[in-house]
Amino acid sequence: MELRHLRYFIALAEELSFTRAAQRLHVSQPPLSLQIAQLETELGAQLFVRTSRRVELTLAGQAYLVDARAVLERLDTARQRVAAIGQGQAGRIEVGLSGSHFLGPFPAALARYRQSHPGVDVVLHEMQPSLQQAALRDKRIDVGISRTAVNDDQLASTLLWPDPVVAALPPGHPLAARKALALRDLRSEAFVMLRRDSSAHAEHMVQCCVQAGFAPRVAQTTVELAALLSLVAAGLGVALVPSSLGNLFGARVVLKTLGAKAPRADVHAVQRRDDHLGVVPAFVRVVAGV
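A brief look at the structure comes next. (Residues numbered from 1 in each chain as written. Predicted model: local features only at pLDDT ≥ 70, side-chain atom pairs only at ≥ 80, totals over all residues. Heavy atoms only, no water.)

### Some details on the packing of helix α5 (residues 106-116) against helix α9 (residues 279-287)
- The N-to-C vectors of α5 and α9 enclose an angle of 125°; their axes lie 9 Å apart at closest approach. If you check the angle between α5 and α9, you find them oblique. Here α5 and α9 pass one another in a crossing that is right-handed. Counted together, F106, A109, L110, R112, Y113 and S116 of α5 and V279, A282, F283, V286 and V287 of α9 form the full contact between these two elements.
- Grouping the amino acids of the contact of α5 with α9 by side-chain chemistry returns nine nonpolar, one polar and one charged. (Axes fitted to C-alpha atoms, helices over the stretch in contact; angles between N-to-C directions. Helix = DSSP H or I, 4+ residues; strand = E, 2+ residues; numbered from the N terminus. Parallel < 35°, antiparallel > 145°, perpendicular 65-115°, else oblique. Left-handed = near helix turned anticlockwise from the far one by under 90°. Contact = heavy atoms within 4.5 Å. Nonpolar A, V, L, I, M, F, W, Y, C, P; charged D, E, K, R; others polar.)

### Some details on the pattern of salt bridges
- Under the defined criterion, the tally for this structure stands at 17 salt bridges.
- For the salt bridge of R137 with D152, the shortest nitrogen-to-oxygen distance reads 2.6 Å. Pair noted here: R137 is in helix α6 (residues 129-137) and D152 is in the loop between β5 (143-146) and β6 (155-161), with a separation of 15 residues, a long-range link.
- The exposure class of R137 is partly exposed, given its relative accessible area of 28%.
- A relative accessible area of 25% places D152 in the partly exposed class.
- The salt bridge partner of R264 is D266, with a shortest N-O separation of 3.1 Å. (Salt bridge = Lys/Arg side-chain N within 4 Å of Asp/Glu carboxyl O. Buried < 20%, exposed > 50% of the residue type's maximum accessible area, 1.4 Å probe, protein only.)

Shown next as structure tokens:
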């Protein structure tokens with residue numbers, strides 16, 4: 001039995017005329033009669049009573065019409081669902097991100113995506129940046145939200161939004177009175193920084209300091225960017241933080257731009273290169289505002 005048998009049967013059952021059914025199907029009557037005969041033979045039951053004047057469904061035909069319609073409806077539903085998944089409108093996406101991204105632009109971007117793609121289940125996995133790459137390669141997550149771009153033979157990155165780094169100072173700090181700072185102006189300060197073993201971004205901040213002519217003197221470390229601001233507000237040191245997070249503590253922390261050569265903390269979506277169809281590309285496009 002093939003799908004065309006079902007379609008031919010349904011057309012004849014609804015039209016109750018070989019002529020009209022053949023016209024509806026864009027075939028001639030002999031092939032239609034042949035397909036119906038083959039179907040009845042395979043089912044072992046007569047589906048129609050044929051006379052010179054009319055065509056009627058038998059009781060078996062009436063019962064089979066219900067099931068035939070259900071089969072084609074399910075096939076059409078499956079086709080629509082597959083098409084929606086292929087177009088990024090349905091499915092499931094696993095997203096890895098660190099806690100700091102809940103405090104920046106990401107929640108609003110996620111809300112925008114959920115509104116435009118209600119058929120996709122988004123599952124968020126809070127994890128350290130250093131663990132995201134392994135999770136991507138092992139296919140435990142589909143996208144990583146990271147301040148470090150990764151582009152190799154397996155992974156590719158898309159810029160989501162720019163995020164220059166600013167200096168965070170305690171209120172009353174001698175440098176707080178300046179309109180702007182250069183990174184080297186912080187060379188004598190005690191720093192609170194992210195742990196370098198948990199974040200490539202932390203290592204990048206250290207290297208930026210080295211390029212500015214000094215090795216930062218680290219007084220305290222933490223694994224979350226938001227915690228840096230708490231330590232700065234308490235007067236335990238200065239910090240280099242993304243500008244998108246700088247206003248979390250209001251007047252408790254003083255923020256200073258670092259000029260045209262400021263380090264960057266731009267946010268990227270990292271995905272597998274072979275994941276170029278379906279929900280992942282659509283998610284990245286919407287979150288990036290493309």
